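The chain contents come next:
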Amino acid sequence: MGKGRGMLDGLRKSKKQKEAEKGAAAEKQERDQKRADEKVEEQTLSYQRHSDRPPNTLRITVIRAKDLQVMDGGMFSKGGSDPFPTCAVEGKKAKGTVKKKCLAPIWLEVFDLPAEDPDSVFTFQIDDHDLVGASDFMGLCRVRLGSLSDEKAHRKWHPLGNVKGEVDEIPRGEVELCLRWCHEKHRAYELPKEFKEGEKPLHEKEAANELHVLLIRARDLEVKDGKLFGPGSSDPLVTFDLGGSKQKSTVKKKELNPVWQETFIFTCEDESATLHCTLDDYDPLSGNDFMGLASVPVRTLANRKIHRGWHKLGPAKGKDDKGKKRGRLEMALRWKHNPSLVIPLCAELLKPELNMMKPKNELEIFLIRGAGRARGAARARGPTPPRAGLKIMDKNLLSKGGSSDPLMKFELCGETATSTTKKKDLNPQRGRARAARARRTPARAGGSSTSR
């Protein structure tokens, strides 16, 4: 008798406990539903874009889903599913919690995944969890990172499609996500202090004459040195060419995701010039193997700000490799004014004339410097890079290139003036101010003048 009464009390407690648990679950569901209807944290944060801090992190807030498929059928019920989400981008994944017997789950879970390529695609997948065997696919959606380049919080419902992310005739439900592609300092390589220093107000109105290039890193490069056993690698080297002026980075041995953090400085006053960045696999025996080319028109840097970002590597000029993936280069560039590069005019030319009322009888010329000019600079499309200083007249016998010994000759009305000769210099300039004069009298005003 006592045992039967004890069993009855146990059943009553068990029933009350289940009712209490069911009530608590309903209250939690109501609270979660209310939270899901409100703004998520990412929507309330203020975030400012910076041209020198490109996005490198995809912040994913998985809010909820609705109208999911029934994957676990029941004999005496409508059945249900045990859904859980998987977020993936650029080879990195994050999984959410399993929601038992739920076709309209609320997660409100946040994940941060490293992501830097605007051409990358974020995938969100929902599967049905099974204790035995593999999980069952329920639906998938895709979002291209480039569509999030404004770095704002994008909250919306996404229809779930098949394994390719395509929405077909099978209803799979929808998922609500809040996505923001933003910059996280701890994942970035910091720019050097001297690179970030702004120009003095005195120089901001002066013409830009110096290009600073910070080679940061590369990623997903092509394998050029194959192995019998193993994946193979490459020895990447970057050569910068600005109007024939070239500089090279160090070689990174056996690395497909190299980091350089190396700075290069070019004298550049021509807005129509283009910086060409050629990536090669270093091979001292058989010669370097081409890996990719990225080009940056100097005119895109005209606002004098720091431009940091990833540059897609393409084929060599004039060739087409049909969309072959060669990887990317991350660089920071800045076109600015360096007052030390400005050659001052000689004091004699700057003196005011004392005989303004008398007839002119002397032409003063200050020869400053010589340099090459960009061929095709006047073309609106596809400017050719400027040539390397003046024309090479003395070619090397055993190697490419060469030099010249330039001098300048002025002729006016039969009188001549000749500059000094600059030995082996394709970009000559006057170290000291010196004026060349050609005089004429009014009686010989009908003569012609030429310079060469």
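Cut-offs applied
- Residues numbered from 1 in each chain as written.
- Predicted model: local features only at pLDDT ≥ 70, side-chain atom pairs only at ≥ 80, totals over all residues.
- Heavy atoms only, no water.
- Helix = DSSP H or I, 4+ residues; strand = E, 2+ residues; numbered from the N terminus.
- Buried < 20%, exposed > 50% of the residue type's maximum accessible area, 1.4 Å probe, protein only.
- Contact = heavy atoms within 4.5 Å.
- Areas by Shrake-Rupley, 256 points an atom, 1.4 Å probe, with all protein chains shown as cover.
- Pairing = 2+ DSSP bridges.
- Axes fitted to C-alpha atoms, helices over the stretch in contact; angles between N-to-C directions.
- pLDDT = per-residue confidence, 0-100.
- Polar contact = N/O pair within 3.5 Å; in protein donor to acceptor, adjacent residues only side chain to side chain.
- Salt bridge = Lys/Arg side-chain N within 4 Å of Asp/Glu carboxyl O.
- Core = buried A, V, L, I, M, F, W, Y, C linked by side-chain atoms within 4.5 Å.

K.L.:
Hey, could you run me through the overall build of the protein chain in this one?
P.N.:
From N to C terminus, the protein chain includes five helices and 23 strands. The 452 residues of the protein chain split such that 37% are buried. Here the contacts in the protein chain between residues at least 6 apart in sequence split such that 63% fall between residues at least 24 apart. For the protein chain, the accessible surface area stands at approximately 28,300 Å², while carbon and sulfur atoms represent 52% of it.

K.L.:
For this particular structure, what's the right way to read the sheet that holds strand β8 (residues 174-182)?
P.N.:
For sheets, the rule is that strands pair by backbone hydrogen bonds, running either parallel or antiparallel. Spatially, the four strands line up as an open sheet ordered β4-β1-β8-β7, and their pairing is antiparallel. At either end of the open sheet lies a strand with only one pairing partner, and these are β4 (106-114) and β7 (154-159). On average, each strand axis in the sheet is inclined to that of its neighbour by 25 degrees, with strand direction left out of account. With seven bridges joining them, strand β1 (residues 57-66) and β4 adopt antiparallel strand pairing. Bridge assignment links arginine 59 to a residue of β4, and that residue is aspartate 112.

K.L.:
Just to check I follow, could you spell out the environment of threonine 267 for this structure?
P.N.:
Mapped onto the elements of the fold, threonine 267 is located in strand β12 (residues 259-267). On the basis of relative accessible area, threonine 267 is assigned to the exposed category, the value being 55%. Measuring from C-alpha to C-alpha, the distance between threonine 267 and asparagine 209 comes to 5.9 Å, with 58 residues separating the pair along the chain. Beyond its immediate stretch of four places on either side in the chain, threonine 267 contacts Asn209, Leu242 and Leu341.

K.L.:
Explanation requested: the confidence of the model for the protein chain in the structure shown.
P.N.:
Mean pLDDT over the protein chain stands at 83; residues scoring 70 or higher make up 86%. This stretch, residues 374-388, has a pLDDT under 50; its non-local contacts, to residues over four places away or in other chains, come to 27 contacts. Counted against residues more than four places away or in other chains, residues 431-452, with its pLDDT under 50, gives 45 contacts.

K.L.:
What is the right way to read the side chain of glutamate 330 from this model?
P.N.:
Take glutamate 330: it is sitting in strand β16 (residues 328-336). Within polar-contact distance, the side chain of glutamate 330 engages the side chain of arginine 217 at 2.5 Å. At a separation of 3.0 Å, a polar atom in the side chain of glutamate 330 contacts the side chain of arginine 308. When near neighbours in sequence (up to four residues on either side) are disregarded, glutamate 330 contacts Pro54, Leu214, Leu215, Ile216, Arg217, Arg308, Gly309 and Trp310.

K.L.:
How do you make sense of the pattern of salt bridges when you look at a structure like this?
P.N.:
Taken as a whole and assessed by the stated rule, the structure comprises 24 salt bridges. With its nearest N and O atoms 3.8 Å apart, the salt bridge here joins arginine 35 to aspartate 32. Pair noted here: arginine 35 and aspartate 32 are both in helix α1 (residues 2-37), with a separation of three residues, about one helical turn. As a salt-bridge pair, glutamate 116 and arginine 217 come within 2.3 Å of each other at their nearest N and O atoms. Residue glutamate 116 is located in the loop between β4 and β5 (121-128), and its partner arginine 217 is located in strand β9 (residues 210-219); the two are separated by 101 residues in the primary sequence. The pair glutamate 116 / arginine 217 is uniform in exposure class, with both members buried.

K.L.:
Just checking my understanding: could you explain the sheet that holds strand β15 (residues 307-312) for this structure?
P.N.:
The four strands are arranged β12-β9-β16-β15 in an open sheet whose pairing can be described as antiparallel. At either margin of the open sheet sits one strand with a lone partner, and together these are β12 and β15. Ignoring which end each strand starts from, the neighbouring axes of this sheet average 25 degrees apart. Across six bridges, β15 lies against β16 in antiparallel orientation. Across the sheet, the residue bridging to histidine 311 is leucine 329, located in β16.

K.L.:
Just checking my understanding: could you explain the nonpolar core for this structure?
P.N.:
Among soluble globular proteins, nonpolar side chains are generally buried collectively. Counting 27 residues, the largest nonpolar core has Leu211, Val213, Phe240 and Leu275 as the members making the most contacts within it. Elements represented by at least two residues in this core include exactly β9, β10 (236-242), β12, β13 (274-281), β14 (289-297) and β16. Setting aside its immediate chain neighbours within four residues, leucine 275 contacts Leu211, Val213, Phe240, Asp241, Leu242, Phe266, Ala294, Ser295, Val296 and Leu333.

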